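# Geometric and topological summary
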Amino acid sequence: MMNDLLRELESMKITGNTLNDDLWRSCVQLTEGTLVPCKKIGNERPCEEKDYSEYRQIVNRNLRIVEATLRHVATTFGEQNVRETASRSHPLRTYLINLIIIIGEQSEKNVWNTAESVSIVSSIQSNLCDLCKCRSMSELLVGKGGEGSSVDGSGVIEAVLLVLRPKLFKDTWKNYPAAVICYKWILWQVEEPNLVRHMNSIIPTALIILDDYVVENRLTGIKCIGKILQHAQMRKELVDTGYAEVIYDALKRLLIIREVAYIIPLYSCIRSLLSTLEYYNNTDSLQQKTCPLQWTIRDDVILSLLSSMEFEQDAHLRHAYMSSLPGLLTNIGCAKWCERLTRILSEYCEHHTDLKTLKVTMEAAKTFLVIFQPRIPTHCVPLYAAFLKLHMDLIETPVFDKEIVQNLEDCIGLLYKSTPSIGKKIINDDRMKSVINQQLQFRILNDCTYFE
């Protein structure tokens with residue numbers, strides 16, 4: 001059938017005839033037959049190549065025929081406006097939408113295709129953009145400047161998402177893993193901030209994927225939400241529609257789970273949400289302006305993070321938690337956590353298990369010292385003890401990461417500047433002379449009163 005279609009298209013090219021209804025139906029059937037089929041069994045386990053053994057035998061052949069067919073379609077339309085034609089209940093509409101879904105499904109190597117499949121769809125994507133006179137897939141999906149959301153010459157994203165939607169319901173999405181890949185691919189194709197116009201179509205799917213027990217699926221959901229938030233950060237629509245709170249509630253449930261793979265992207269999403277929620281919820285709040293130390297949802301998140309950090313011994317988890325900490329310490333309202341932060345930073349400095357964790361610990365310590373400078377004198381003694389002991393340890397056991405030593409010395413300098421009177425008493429103690437070398441005196445303290 002497919003070879004017959006190609007012969008008819010070649011004949012049409014020679015004779016100069018246009019595609020008739022039968023040929024259009026055949027083109028559409030070709031694209032429909034190239035879509036990744038439903039995974040009918042084994043939803044409780046990850047996909048395997050054996051689930052798509054039959055499809056893998058035909059996928060590359062089909063894709064090559066799709067590519068050849070697309071070239072014939074381009075020849076037929078010539079200089080016509082393809083997107084305008086597609087807006088008029090024309091078979092081309094279905095054909096284009098199917099092509100976009102095929103490109104999305106085959107956009108990366110997976111169990112249902114091969115590396116050759118990815119190469120072929122890359123060529124199909126380039127030819128499709130040329131046919132539609134678009135500079136990129138983003139322009140094809142949302143139009144120039146993202147002005148529209150329908151197949152009317154401005155964008156086809158809503159039409160594509162509408163076709164995908166039945167495959168991405170809560171009770172169907174695991175049967176169509178390729179549709180999930182296509183959905184994710186669409187999010188990454190659209191240029192910022194154009195996804196904001198389509199939140200109703202994209203956010204529910206991300207939440208469904210997030211609400212799964214499989215780590216890989218949760219991670220996919222977090223990444224999709226993160227991409228959406230890149231488009232919607234500080235946008236009032238995110239708050240007014242209620243999506244900000246819905247997403248926060250979904251993410252908050254994952255905070256207590258010890259899974260290193262998604263700790264950093266999870267807290268990245270939450271930071272983005274908090275900044276948006278706080279800005280729009282507190283802009284006109286007199287209470288917030290007069291009482292910056294009141295308890296907020298940011299404190300709920302910090303409490304969860306610090307509770308996880310406090311007794312964690314796994315090096316990978318310690319690194320992920322500490323990497324996520326500085327972005328949450330954004331204002332003086334977080335000063336209520338100074339005592340606990342001091343205790344955790346001191347413990348991480350004293351029991352540093354690897355250089356990667358120590359590096360982010362010193363970066364977090366610098367953030368802490370800068371933001372909470374007025375509160376540092378209250379907590380300076382344990383910090384001095386931790387920093388100076390760590391400095392002595394690193395001198396005795398040379399560390400090849402100069403950035404760690406630089407940040408540590410910066411922290412000692414910031415601590416000294418915040419508490420010069422206390423710092424001089426500590427430094428002038430005879431017992432400290434073996435700890436503080438001359439280089440540290442000149443480079444970090446840089447205070448002539450030290451030599452008086």
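Residues numbered from 1 in each chain as written. Predicted model: local features only at pLDDT ≥ 70, side-chain atom pairs only at ≥ 80, totals over all residues. Heavy atoms only, no water.

### With respect to the overall build of the protein
Our working rule: Numbering of helices and strands runs from the N terminus, with a helix taken as a DSSP run of H or I at least four residues long and a strand as a DSSP run of E at least two residues long. Using a 1.4 Å probe on the protein chains alone, a residue whose accessible area is under 20% of its type maximum counts as buried, one over 50% counts as exposed, and one in between counts as partly exposed. Residue contacts follow a heavy-atom distance rule, with two residues in contact if any of their heavy atoms lie within 4.5 Å. Note that accessible areas follow from Shrake-Rupley with a 1.4 Å probe, and for residues the cover is restricted to the protein chains shown.
Looking only at helices and strands, one finds 23 helices and zero strands in the protein. When each of the 452 residues of the protein is scored for burial, the buried share is 50%. In the protein, of all internal contacts separated by at least 6 residues, the share reaching a separation of at least 24 is 73%. Counting only carbon and sulfur atoms, one obtains 52% of the accessible surface of the protein, whose full area is about 21500 Å².

### Describing the state of the cysteines
We apply this condition: Two cysteine sulfur atoms make up a disulfide if the distance between them is within 2.5 Å.
With the rule as written, the count across this model stands at zero disulfides. Counting only cysteine sulfurs, Cys134 is the nearest neighbor of Cys132, a cysteine outside any disulfide, at a range of 5.4 Å. Of the residues examined, Cys132 reaches a relative accessible area of 5% and is grouped as buried.

### Re the packing of aromatic side chains
Our working definition: Pairing of aromatic side chains requires ring centres within 6.5 Å, counting the rings of Phe and Tyr and the six-membered ring of Trp. Pairs whose planes differ by under 30 degrees are stacked, by over 60 edge-to-face, and all others tilted.
Under the definition given, this model contains four aromatic pairs. The interplanar angle of 90 degrees and the centroid separation of 4.9 Å between the aromatic rings of Tyr279 and Tyr280 together place this pair among those described as edge-to-face. Aromatic pair Trp295 and Trp337: ring centres 5.5 Å apart, planes at 65 degrees, arrangement edge-to-face. Of this pair, Trp295 sits in the loop between α15 (286–290) and α16 (297–310) while Trp337 sits in the loop between α17 (315–324) and α18 (338–350); the two residues are 42 residues apart in sequence, bridging distant segments of the chain. Looking at Trp337, the relative accessible area reads 7%, which means it is buried.

### What to know about the pattern of salt bridges
Where charged atoms of side chains with opposite charge meet at close range, the side chains can pair. We apply this condition: By salt bridge we mean one thing: a side-chain nitrogen of Lys or Arg within 4 Å of a carboxyl oxygen of Asp or Glu.
This structure, assessed with the given rule, holds 21 salt bridges. A salt bridge links Glu49 to Arg56; the nearest nitrogen and oxygen atoms lie 3.8 Å apart. Put simply, Asp240 and Lys236 hold a salt bridge, and the shortest N to O gap is 3.1 Å. Remark: Lys236 and Asp240 occur in helix α12 (residues 236–240); sequence separation between them is four residues, near one turn of the helix. Looking at Asp240, the relative accessible area reads 53%, which means it is exposed. Because the salt bridges share partners, they merge into one network encompassing Glu310, Arg340 and Arg343.

### Concerning the packing of helix α20 (residues 376–396) against helix α22 (residues 420–427)
Our working rule: The convention used is that axes are lines fitted to C-alpha atoms, helices contributing only their stretch in contact, and that angles between N-to-C directions extend from 0 to 180 degrees. A crossing counts as left-handed when the near helix is turned anticlockwise from the far one by less than a right angle, and as right-handed when that turn is clockwise. Put simply, Ala, Val, Leu, Ile, Met, Phe, Trp, Tyr, Cys and Pro go in the nonpolar bin, Asp, Glu, Lys and Arg in the charged bin, and everything else, Gly too, in the polar bin.
Closest axis-to-axis distance for the α20/α22 pair is 11 Å, and the angle between their directions is 35 degrees. Once α20 is placed against α22, the crossing between them reads as right-handed. Note on element contacts: α22 touches α20 through Ile422, Gly423 and Ile426, opposite Pro377, Cys380, Tyr384 and Leu388. A per-class count over the contact of α20 with α22 returns six nonpolar, one polar and no charged.

### Regarding α18
Here is the rule: Given a helix with a known number of residues, its expected span is that number minus one, times 1.5 Å.
Here α18 is 13 residues long and its end C-alpha atoms lie 18 Å apart, about the 18 Å a rise of 1.5 Å per residue gives. Among all positions of α18, only Cys338, Arg340, Leu341, Thr342, Ile344, Leu345, Ser346, Tyr348 and Cys349 are buried.

### Quick notes on the packing of α16 against α17
Applied cut-off: Throughout this description, any angle smaller than 35 degrees is read as roughly parallel, any larger than 145 degrees as roughly antiparallel, any in the 65 to 115 degree range as roughly perpendicular, and the remainder as oblique.
Look at α16 against α17: their axes get within 10 Å of each other, and the N-to-C directions meet at 150 degrees. The orientation of α16 relative to α17 falls into the category roughly antiparallel. Handedness of the crossing formed by α16 with α17: left-handed. Contact residues: α16 offers Leu305, Ser308 and Met309, while α17 offers Tyr321, Met322 and Ser324. When the residues that make up the contact of α16 with α17 are grouped by side-chain class, the tally is four nonpolar, two polar and no charged.

### Remarks on unusual backbone geometry
Glycine aside, negative phi is the norm for most residues, and most peptide bonds take the trans geometry. Look at the link from Glu192 to Pro193: it is a cis peptide, with omega at 0 degrees. Structurally, the position occupied by Pro193 is in the loop between α9 (177–189) and α10 (199–210). Here Lys133, not a glycine, exhibits a phi torsion of approximately 55 degrees, which is positive. Topologically, Lys133 is positioned in the loop between α6 (115–131) and α7 (137–142).

### Observations concerning the nonpolar core
For clarity, the threshold we go by: Put simply, a nonpolar core is a bunch of buried Ala, Val, Leu, Ile, Met, Phe, Trp, Tyr and Cys residues held in one set by side-chain atoms that sit within 4.5 Å of each other.
Leu128, Tyr183, Met362 and Phe387 are the most contacted members of the largest nonpolar core, which has 136 residues in total. Residues in contact with Leu128, not counting those within four places in the same chain, are Leu70, Leu96, Leu99, Ile100, Ile103 and Leu140.

### Quick look at the side chain of Glu139
What counts is decided by this rule: A 3.5 Å cut-off defines polar contacts: any pair of N or O atoms within that distance qualifies, except that in protein one atom must be a possible hydrogen donor and the other a possible acceptor, and neighbouring residues in sequence count only when both atoms are side-chain atoms.
Relative to the elements of secondary structure, Glu139 occurs in helix α7. According to the relative accessible area criterion, Glu139 is buried, its value standing at 5%. Only 3.0 Å separates the side chain of Glu139 from the side chain of Arg135, close enough to count as a polar contact.

### Focus on the confidence of the model for the protein
For clarity, the threshold we go by: A residue's pLDDT is the confidence the predictor assigns to it, expressed on a 0 to 100 scale.
Per-residue confidence for the protein gives a mean pLDDT of 86; residues scoring 70 or more make up 82%. Per-element confidence in the protein is highest for α9, whose mean pLDDT is 98, and lowest for α15, whose mean pLDDT is 46. This stretch, residues 284–288, has a pLDDT under 50; its non-local contacts, to residues over four places away or in other chains, come to four contacts.

### Overview of the side chain of Ser304
For Ser304, the location among the structural elements is in helix α16. Apart from the residues lying within four places of it in its own chain, the contact partners of Ser304 are Leu255 and Tyr267.

### Digging into the environment of Ala261
When you line up the elements, Ala261 lands in helix α14 (residues 260–282). Taking the relative accessible area as the measure of exposure, Ala261 reaches 38% and is therefore partly exposed. In sequence terms Ala261 and Ala320 are 59 residues apart; their C-alpha atoms lie 8.7 Å from each other. In this view, Ala261 contacts Val215 and Leu219; residues no more than four positions away in its chain are not counted.

### As for helix α11 (residues 215–232)
Taking 1.5 Å of rise per residue, 18 residues should cover 26 Å, and α11 covers 25 Å from first to last C-alpha, within 8% of that figure. Counted residue by residue, α11 has 13 buried out of 18 residues, so it is predominantly covered. Just downstream of α11, Met234 is the residue with a positive phi angle, here 65 degrees.

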